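Geometric and topological summary
Residue strings, one per chain:
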Amino acid sequence: MNPAVSGDWQRLSPFAILSFVGLAVKIFARGAVQGALPVVAAILLLRDDEPLGLGRLLPVIGGLLMLVAVIAVIQWAYFKFRIAEDRLLIRKGFIKKTSLDLPYERVQGINVERSLVDRIIGLVSVTLDTAGSVQAEGKLPSVTTEVADHLRASVAALGPGLAYALPEGGTGEAWAPGAEGAPSDAGADAVAAARAGTSAPAGPRLATRPHWGRVLLKLGPADMVRIGLANRNFIFVAAMVGILTDLVQPGDFLDPLLEALAAGVDSAAGAFSGLGALAQLVVVVVLVGGALAAALILTVTAAFLRHHAFTLWHDGRTFRSRAGLLTQREVVVEAPKIQQLTVSQDLVLRWFGRFRLRALPAAAVVGQQGGQNPGGLDVADVLDVPLLDGRRAEEVRARVFRREAREIAVLPRDGAFRRVSPHYIRALALRIWLTVGLVLAGIFLQLLLSGVSTAAGVPMLIGWLASIPVVVLVAWQLWRRRGYTHDDNGLASRGGFIGSKVDAFPLRKAQSAIVKRSPLQRRKGLATLQVHLACGKVTVPYIEHKAARRLRDYILYRVEATRRRWH
Amino acid sequence: MADSTPVDTGVPGMFVNPVVPLDSLPGTESLEWTPLHPRFARRLQVGALIRAVLIVGAWTAFHLRVLPFIAERLPWLPVFAWAIIGAFCLWSLLWPAVAVPRRGYVVRDKDLLYKSGVLWRSVKAFPFNRVQHTKLDSTPLDRRFGLASLSVFPAGAGAGHRIRGLGQETAERLRVYISERIEADGDAESNDTDAAPAPAEDSEVNSETNWETNSEGAGDSGQ
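Reading guide: rules and limits
- The numbers attached to residues start from 1 for each chain and follow its sequence in the written order.
- Lettering for chains starts from A, numbering for ligands starts from 1, and both go in the order in which the items are written.
- The model is predicted, so local features are restricted to residues of pLDDT at least 70 and side-chain atom pairs to those at 80 or more, both for listing and for counting; the totals for chains, interfaces and linings are taken over all residues.
- Only hydrogens and water are removed before side-chain values are computed, so all heavy atoms of the structure are retained for them.
- To qualify as a helix, a DSSP run of H or I must reach at least 4 residues; to qualify as a strand, a run of E must reach at least 2; elements of each kind are numbered from the N terminus.
- We call a residue buried when its accessible area falls under 20% of the maximum for its residue type, exposed when it is over 50%, and partly exposed in between, using a 1.4 Å probe and counting protein chains only.
- Per-residue and other accessible areas were derived by the Shrake-Rupley procedure at a 1.4 Å probe size, with only the shown protein chains allowed to occlude residues.
- To estimate the expected span of a helix, count its residues, drop one, and scale the result by 1.5 Å.
- Stacked, edge-to-face and tilted labels apply to pairs of Phe, Tyr and Trp rings (six-membered ring for Trp) whose centres lie within 6.5 Å, assigned for plane angles under 30 degrees, over 60, and everything in between, in that order.
- Lysine and arginine charges are scored as sitting over a ring when NZ or CZ, respectively, is within 6 Å of the ring centre and within 35 degrees of the ring normal.
- Buried Ala, Val, Leu, Ile, Met, Phe, Trp, Tyr and Cys residues form a nonpolar core when they are joined through side-chain atoms within 4.5 Å.
- Only heavy atoms matter for contacts: two residues are in contact if any of them lie within 4.5 Å across the pair.
- Confidence scores labelled pLDDT are given residue by residue by the predictor and lie between 0 and 100.
- Pairing between two strands is assigned when DSSP locates at least 2 bridges connecting them.
- What counts as an axis is a line fitted to C-alpha atoms, over the stretch in contact for a helix, and the angles between N-to-C directions run from 0 to 180 degrees.
- The cut-offs work like this: below 35 degrees is roughly parallel, past 145 is roughly antiparallel, 65 to 115 is roughly perpendicular, and the gaps in between are oblique.
- Under this grouping Gly is polar, as are all residues other than the nonpolar Ala, Val, Leu, Ile, Met, Phe, Trp, Tyr, Cys and Pro and the charged Asp, Glu, Lys and Arg.
- Any Lys or Arg side-chain nitrogen located within 4 Å of an Asp or Glu carboxyl oxygen qualifies as a salt bridge.

**Quick notes on the overall build of chain B**
Along its length, chain B carries six helices and seven strands. Along its sequence from the N terminus, chain B presents helices and strands in the succession β-α-α-α-β-β-β-β-α-β-β-α-α. Burial statistics for chain B: of 223 residues in total, 42% are counted as buried. If you sum the accessible surface of chain B, you get close to 12000 Å²; carbon and sulfur atoms cover 60% of it.

**A look at helix 17 (residues 545-561) of chain A**
Side chains three or four residues apart in an α-helix point the same way, a direct result of the helix having 3.6 residues per turn. Look at helix 17 of chain A: 24 Å from first C-alpha to last across 17 residues, which is about the 24 Å you get at 1.5 Å a residue. Of all 17 residues that make up helix 17 of chain A, 13 are buried, and the element is covered over most of its length.

**Focus on the packing of aromatic side chains**
All names here are of chain A. Counted according to the given criterion, the structure contains eight aromatic pairs over all chains. Ring geometry for Y424 and Y542: centres 5.3 Å apart, planes at 50 degrees, overall tilted. Taken as a pair, Y424 in helix 13 (residues 423-449) and Y542 in strand 20 (residues 536-544) lie far apart in primary sequence, 118 residues in all. Plain terms: the ring middles of Y554 and Y557 are 6.0 Å apart, the flat faces sit at 40 degrees to each other, and that makes the pair tilted. Of this pair, Y554 and Y557 both sit in helix 17, three residues apart, roughly one helical turn. You can call Y554 buried: its relative accessible area is 1%. Using a relative accessible area of 6% as the deciding quantity, one classes Y557 as buried. Taking NZ or CZ as reference, R11 lies 5.6 Å from the ring centre of W76, over its face. A cation over an aromatic ring shows up here: R226 above the ring of F352, its NZ or CZ 5.6 Å from the ring centre.

**Considerations on helix 1 (residues 40-65) of chain B**
End to end, helix 1 of chain B covers 38 Å across 26 residues, agreeing with the expected 38 Å (1.5 Å per residue, within 8%). Within helix 1 of chain B the residues assigned to the buried category are F40, A41, R43, L44, Q45, G47, A48 and A52 of chain B.

**Some points on the nonpolar core**
In summary, soluble globular proteins display a tendency toward joint burial of nonpolar side chains. Residues and elements named next belong to chain A. L217, L312, L357 and L388 are the most contacted members of the largest nonpolar core, which has 39 residues in total. With sequence-adjacent residues up to four places away left out, L217 is seen in contact with F310, T311, L312, V385, L387, L388 and R392. Ranked by size, the runner-up nonpolar core spans 37 residues in total, among them V471, L491, L533 and Y557.

**Comments concerning the confidence of the model for chain B**
Residue and element names in this part refer to chain B. Confidence in the prediction for chain B averages 76 pLDDT; 72% of positions are at 70 or higher. In this model, residues 1-14 is a region of pLDDT below 50 whose contacts with residues beyond four sequence positions or in other chains number 15 contacts. Counted against residues more than four places away or in other chains, residues 190-223, with its pLDDT under 50, gives 78 contacts.

**Some details on the pairing of strand 13 (residues 354-361) of chain A**
All names here are of chain A. Looking at chain direction, strand 12 (residues 338-345) and strand 13 are connected through six bridges and run antiparallel. Residue V343 lies in a different strand from strand 13, and its bridge partner there is L357. When strand 13 meets strand 14 (residues 383-389), the two strands line up antiparallel, connected through five bridges. Considered in strand 14, the bridge of A359 is made with L383.

**Observations concerning the packing of helix 13 of chain A against helix 14 (residues 457-466) of chain A**
Residues and elements named next belong to chain A. Their axes nearest at 10 Å, the elements helix 13 and helix 14 cross at an angle of 170 degrees. Between helix 13 and helix 14, the angle falls in the class roughly antiparallel. On helix 14, the residues that touch W433, V436, G437, L440, I443, F444 and L447 of helix 13 are G457, M460, W464 and L465. When grouped by side-chain class, the residues that make up the contact of helix 13 with helix 14 number nine nonpolar, two polar and no charged.

**Observations regarding the environment of L461 of chain A**
Relative to the helices and strands, L461 of chain A is located in helix 14. Once the C-alpha coordinates of L461 of chain A and F444 of chain A are considered, the two residues, 17 residues apart in sequence, prove to be 9.9 Å apart.

**Some thoughts on the sheet that holds strand 7 (residues 161-167) of chain B**
All names here are of chain B. Strand order in this open sheet of three strands is 5-6-7, and the pairing throughout is antiparallel. Each edge of the sheet is formed by a strand with only one pairing partner; in this case those strands are strand 5 (131-137) and strand 7. Along the sheet, successive strands turn relative to each other by an average axial angle of 20 degrees, direction set aside. Note: strand 6 (residues 147-154) against strand 7, five bridges, orientation antiparallel. Within strand 7, the residue paired with L147 across the bridge is G167. Along the sheet, helix 1 contacts strand 6 and strand 7; its crossing angle with strand 7, the most-contacted strand, is approximately 110 degrees.

**As for the pattern of salt bridges**
Throughout the structure, instances matching the rule amount to 19 salt bridges over all chains. In this structure, the salt-bridge partner of D223 of chain A is R354 of chain A, at a minimum N-O distance of 3.7 Å. Of this pair, D223 of chain A sits in helix 6 (residues 221-230) while R354 of chain A is found in strand 13, placing the two residues 131 residues apart along the sequence. Owing to a relative accessible area of 11%, D223 of chain A belongs among the buried residues under this scheme. Between R181 of chain B and D109 of chain B there is a salt bridge whose closest N-O contact spans 2.9 Å. You can see R181 of chain B sitting in helix 5 (residues 168-195) and its partner D109 of chain B sitting in the loop between strand 2 (104-107) and strand 3 (111-116), a full 72 residues away along the chain. When its relative accessible area of 38% is taken as the criterion, D109 of chain B is described as partly exposed. Each of D223, R226 and R354 of chain A takes part in salt bridges that share partners, so that together they form one network.

**Focus: the environment of P68 of chain B**
With respect to the helices and strands, the residue P68 of chain B is situated in helix 2 (residues 67-73). Considered as a pair, P68 of chain B and P78 of chain B are 10 residues apart in the sequence and their alpha carbons are 8.9 Å apart.

**Observations regarding the sheet that holds strand 3 (residues 87-92) of chain A**
Residues and elements named next belong to chain A. Spatial strand order, 1-2-3-4: four strands in an open sheet with antiparallel pairing. Looking along the sheet, the strands with just one partner apiece sit at the ends: strand 1 (9-11) and strand 4 (98-103). Neighbour-to-neighbour, the strand axes of the sheet open up by a mean angle of 25 degrees, direction not taken into account. Pairing between strand 2 (residues 80-83) and strand 3: four bridges, direction antiparallel. By the bridge assignment for strand 3, R82 is matched with L89.

Written out as structure tokens, the structure is:
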């Protein structure tokens, strides 16, 4: 076995202190927002005779920084880990001592992150993701790539779902973990081979570049721009600007705006109002254009930072993605753990003819004894492909679901999708309309309490009644986006309002199934089918009751007749 | 489920994958639903009564102390509030008598079904081989009536699914039964995955067949 990964207790590299500093700062920041900030604000308000200058703040900040540094060093000094044959053990904590025991067979996925500092020094941070239980998550900051590789190989060998480890026909070669430049860890391979019961891979040993299987997808700079454009925040800004530009009537629009601005930028506003109407318009256009451009630059930069050089590999049952400009993030997900694929497309992505794909693993605790609360999904653990075309999405689908459900529709405009009953429009419209009514009633009550006369309710009532056509249109659009399809092995449900989203899963992965019927549905012989998965639920609303029941029974049959693991 | 396809090939461990006619799948139409414990409705009513007393007490205090100031502006508000509270209390007192008889459960060989709802009805199905663990709990009031609640936890269902109003003994028996099923299943699963790597994965079936006409089970035949 490699000396770097021997079975003794060891410390992290001193560079890990930096990551502990980051952690401490994060905790402090959270604490400050929750608790300290109101206190500080109160002090500032009460003692306005003595303004808090920089000179008085500096010692406080300096003291905090010292505290953070000391805490980080202590945390580093008390952090020890041991790599045993079948598990990773971590001991940490100075005041509150924690010891973690992470058997490799419980590990759901390994994420490797390389921050800028890590990359300069040549270290990585490894996170072992254990089925979502927060307290049992193991993170090793700043370890050598050898340790990362060893852990990866061990988990691949001992992890759950061993039987799926058969490499897919085409690749031929078994997986061979290894990082850039670093020679593969022979000890790990031996462990892996022994556990997997396969012979050690003989051929591809000479490969010195990373062999992570086939590259499924690689995103270039143009794609980053697309991701940036499709960013929701950008759409929001653009929509706001669009509304504003629609409203621009140089005369009456600018005055209130100027008044608002005047308080802050008095002189600028004075100069501005000195201009003619046309010049004012030009200024507004420039301002709006500037804001748009700034938003665009911001979102595109964010896309570059997060997704730069996004690459997706597939080998056997392992999917691996790596991306990031400064901090490089690597997500490794095993295909059997993927419960559901979600393919979504908003307006901008539709314009580009691209999709976003997410592979959701189980969010809850796995294991017979259970007892822990299922933690929330950490976004980092989800295999998230920010941009890919339809053909690639279908390829990923086929590779994730393998022979079961490899044909199930995942693209929103797949012809296989069936509409749900039009009665759905009626039910939805009623629901939305009543919700609007409730909100209006709340506002009305508020107005009454603040002393407005009852007559104010009349325009509100008229507005509520007048909203019916809009509500019906909204419901109709929602119905148009709804759809479902299934085959022997999988089910896909589509939904959305402006964009669309498809959730597809193999029937075998269902956890429980519910058939629901509202009074309207019972009158019309309809029902809603809800399938709960380990990562959430998929709903098929307003289908024939008989079809819903049959589908439910079939799903139950598929779940109960299989003895294969779902994770 | 597997009962519908008991094909014995005579060869132990031989993988069989017979066609399952969809109509032969067991449905839920002809099931005998087991009702909840007969005292459960009464227990809910007693709970509602206690709650009603508490709510009315709290609101009376509020009425005496704070409400006069608001009532100066909105004279109808106290009446309105009392009407809502009264309706709520009355409803929660009477409703259990309507709702509880509509609830029921069935324990089948491989799953647990639970139905509920008067206007909005639902039938939930929990396959035993997806249940992670179970929980039994009872409040002091429950225990006075000899009742208990059983929760089943499939993966991903945070708070689990709770079946209230079982007799204590029934609940305990159910819990033991489900636990046994989970354990048996867990053993079968691990054996299966270690020894014979999932035959269904390698058999190229089903992908082209039409679900409506020809549904095959690609999973293993049952135990």
